[in-house]
Amino acid sequence: MNAPEQPFPFDAAVAEAARRIGERLVAWRRDFHQHPELGNREVRTAKIVADHLRALGFDTVREKVAHTGVVGLLKGGLPGPVVALRADMDALPVVEEVDVPFASKVRTEWNGQSCGAMHACGHDAHTAILMGVAEVLAGLRERIPGAVKFIFQPAEETPPAGEDGGARMMIEEGSLENPRVEAIFGLHVTSIQPTGRIGYRPGPFMASADDFRVFVRGTQTHAAMPWRGVDPIVVGSQIVMGLQTIVSRRVNITKEPSVVTVGVFQGGVRHNIIPDEARLEGTIRTFDEEQRDEIHAHVKRISEMIAAAGGARATVHIHRWYDVTVNDPALTEWSVPTLGRIAGDANVGVIDKICGAEDFSFYQKQVPGFFYFMGCTPPRSDASTAAPNHSPRFYVDEDCLPLGVRTLAALALDWLAANA
Ligand SMILES: [Zn+2]
Ligand SMILES: [Zn+2]
């Protein structure tokens, strides 16, 4: 008589392997945390990752992809498709304020300015988790149908000024090809949820992010005789107010929310001079690519027309950064039971849209992808008031690391089994 077939034959082995590497998982994460590297400068981190994958017997380990990225391929012992898992490796120019023995004391520079460096977005955890998944799956490889591609990506937080990088460049340099990837999974730690909780959302999940600059050209004159010139500060102020009507008056808010914020308003050097020029800078966030294009057109038209009405001239530059992070609806629906099985159904739920952006969105434009959030605030703290990602006080509860390993490993194994 045959023993009944196990529905999920890998779960026990994955849980056991994750337990076995638990201490090293923490050690990796602390090492990365203490030695953070900014975008396109992840040289030390990438070497540790590549050495690890090679030591595990990966079939290929490509280094220096998109400057400092590492792409490893682990072929299973059985035929099947290719699934990708992605982690980002870069830190932020933030001076750490968390009181832990492995706090970062690194000083470096960003865009020519001296600064600190800190893993204030938890990418140290992501890198350690994916190294852990690599080890767990390498131990099971003979039984795996297909192959797993491990994508360790630099510069998620954007590369330094004047450089290319991040997910878009990883794709341009072939990280989804040879062999062709058919689905991709990724996760992010978040302090707004407690350890053990997983949040996701089908469809548009995280916003597109673009920045704009408006140069308002007037005519300089004595501040006591405004009629002798054109005041770009008054015109610029009208433009700020005009831009606020885009979301409130022009966008169909029943479809998706959006944000237009002016974060910089500069002009003038003295109280008694009306300057030649004023400069505005801001950000645009949307959850719909069509609305994104519409808002760009509104920003341009409103700025130019208001300036013209005041006798000034506005020049508008919009830089497109990241696309909307869209979780493939079918893949999301398929992924949720796996997450529930590993984390407990009660710990997995739909969360609100997030106005932050992710360059995971670029992979999702190429292949179906699923991105989820994993809580990293310890249960003794209040997640609703915990310091957010990017704060100098952002804190990662290391108890979340094994859940990251187990969920990513299970998603990859389940997906390969279902698509072999
Ligand atoms: Zn971030
Ligand atoms: Zn991040």
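For the structure, check the block above.
Residues numbered from 1 in each chain as written. Chains lettered and ligands numbered in written order. Predicted model: local features only at pLDDT ≥ 70, side-chain atom pairs only at ≥ 80, totals over all residues. Heavy atoms only, no water.

Our focus in this paragraph is the sheet that holds strand β2 (residues 69-75). Taken in spatial order, the eight strands make up an open sheet running β1-β2-β6-β3-β7-β18-β8-β17, and their pairing is mixed. Only two strands of the sheet have a single neighbouring strand rather than two, namely β1 (60-65) and β17 (348-350). Neighbour-to-neighbour, the strand axes of this sheet turn through a mean angle of 25 degrees, independent of strand direction. Across four bridges, the pairing between β1 and β2 is antiparallel. Across the sheet, the residue bridging to Thr60 is Leu73, located in β2. Taken strand by strand, helix α8 (residues 329-343) contacts β7 (183-194), β8 (198-200), β17 and β18 (369-377), and its axis lies near 30 degrees from that of β18. (Pairing = 2+ DSSP bridges. Helix = DSSP H or I, 4+ residues; strand = E, 2+ residues; numbered from the N terminus. Axes fitted to C-alpha atoms, helices over the stretch in contact; angles between N-to-C directions. Contact = heavy atoms within 4.5 Å.)

Turning our eyes to something else, we now look at the coordination of the zinc ion (ligand 2). Distances from the zinc ion (ligand 2) to its protein donors, namely Cys121 (SG), His123 (NE2) and His188 (NE2), fall within the range 2.1 to 2.5 Å. Counting gaps between the donor residues of the zinc ion (ligand 2) yields the pattern C-x1-H-x64-H. Here the zinc ion (ligand 2) and the zinc ion (ligand 1) are spaced 3.1 Å apart, and both take Cys121 as a donor. Taken together, the positions of His123 in helix α4 (residues 123-138) and His188 in strand β7 put the pair 65 residues apart, joining distant regions of the chain. Residue His123 shares its accessibility class with His188, and that shared class is buried. (Donors = N, O, S within 2.8 Å, 3.2 Å for Na, K, Ca; no water. Buried < 20%, exposed > 50% of the residue type's maximum accessible area, 1.4 Å probe, protein only.)

Another point: the sheet that holds strand β14 (residues 277-286). On the basis of which strands lie adjacent, the open sheet formed by four strands has the order β12-β14-β10-β15 and antiparallel pairing. Each of the sheet's edge strands pairs with one partner strand only, and the pair in question is β12 (258-267) and β15 (313-322). Across the sheet, the axes of successive neighbouring strands diverge by a mean angle of 15 degrees, strand direction being ignored. The strands touched by helix α6 (residues 232-250) within the sheet are β10 (208-217), β12, β14 and β15, with β12 carrying the most contacts at an inclination of about 170 degrees.

The next thing to look at is the packing of helix α2 (residues 22-34) against helix α3 (residues 43-55). Where α2 contacts α3, the axes come no closer than 10 Å and their chain directions differ by 155 degrees. What the angle tells us is that α2 and α3 run roughly antiparallel. Contacts between α2 and α3 involve Arg24, Trp28, Asp31 and Phe32 from the former and Arg44, Thr45, Ile48, Val49 and His52 from the latter. For the contact of α2 with α3, the per-class residue count stands at four nonpolar, two polar and three charged. (Parallel < 35°, antiparallel > 145°, perpendicular 65-115°, else oblique. Nonpolar A, V, L, I, M, F, W, Y, C, P; charged D, E, K, R; others polar.)

Let us look at the coordination of the zinc ion (ligand 1). Protein coordination at the zinc ion (ligand 1) comes from Cys121 (SG), Glu157 (OE) and His390 (NE2), with a distance range of 2.0 to 2.3 Å. Summarised as a motif, the one-chain spacing of the donors to the zinc ion (ligand 1) is C-x35-E-x232-H. The exposure class assigned to Cys121 is buried, which follows from its relative accessible area of 7%.

Once that is clear, we can look at the nonpolar core. Core analysis: the largest hydrophobic core is formed by 73 residues, its most contacted members being Val133, Leu137, Phe150 and Phe152. Judged by nonpolar contacts, the second largest core, of 26 residues, contains Val71, Ala147, Tyr363 and Phe373. (Core = buried A, V, L, I, M, F, W, Y, C linked by side-chain atoms within 4.5 Å.)

Tallying each qualifying case throughout the model produces 31 salt bridges. For Glu97, the salt bridge goes to Arg393, with nearest N and O atoms at 2.8 Å. Here Glu97, found in the loop between β3 (78-88) and β4 (107-110), pairs with Arg393, found in the loop between β18 and α10 (401-419); they are 296 residues apart in sequence, far enough to count as distant. We classify Glu97 as partly exposed; its relative accessible area is 49%. The class of Arg393 is partly exposed, set by a relative accessible area of 48%. (Salt bridge = Lys/Arg side-chain N within 4 Å of Asp/Glu carboxyl O.)

Turning our attention to empty space enclosed by the protein. Counted according to the given criterion, the structure contains one cavity of 30 Å³ or more. Here the largest cavity is characterised by a volume of approximately 50 Å³. In this structure, the largest cavity is lined by Arg29, His33, Glu96, Val98, Val100, Phe102, Phe394, Tyr395 and Val396. Looking at the lining of the largest cavity residue by residue, the classes come out as six nonpolar, one polar and two charged. (1 Å grid on protein atoms, 1.4 Å probe; cavity = no way out; pocket = protein on both sides within 12 Å on 5 of 7 lines; lining within 4 Å. Points joined across faces, edges and corners; volume = space filled by probe spheres on them.)

Once that is clear, we can look at the environment of Glu142. By the secondary structure assignment, Glu142 is in the loop between α4 and β6 (145-153). Overall, Glu142 belongs to the exposed group, its relative accessible area being 59%. For the pair formed by Glu142 and Arg313, sequence separation is 171 residues and the distance between their alpha carbons is 67 Å.

Turning our attention to the environment of Pro226. When you line up the elements, Pro226 lands in the loop between β11 (221-222) and α6. We classify Pro226 as partly exposed; its relative accessible area is 38%. Spatially, the C-alpha atom of Pro226 lies 58 Å from that of Asp397, the residues being 171 residues apart in sequence. Once you skip the residues sitting within four places of it in the chain, Pro226 turns out to touch Thr221 and Ile274.

Time to look at unusual backbone geometry. Residue Pro179 follows Asn178 across a cis peptide bond; omega there is -5 degrees. With respect to the secondary-structure elements, Pro179 resides in the loop between α5 (167-172) and β7. The backbone of Asn111 shows a phi angle near 50 degrees, a positive value even though the residue is not glycine. Turning to its location among the elements, Asn111 is positioned in the loop between β4 and β5 (113-116). With a phi angle near 85 degrees, Thr158 is a residue other than glycine that sits in the positive phi range. Structurally, the position occupied by Thr158 is in the loop between β6 and α5.

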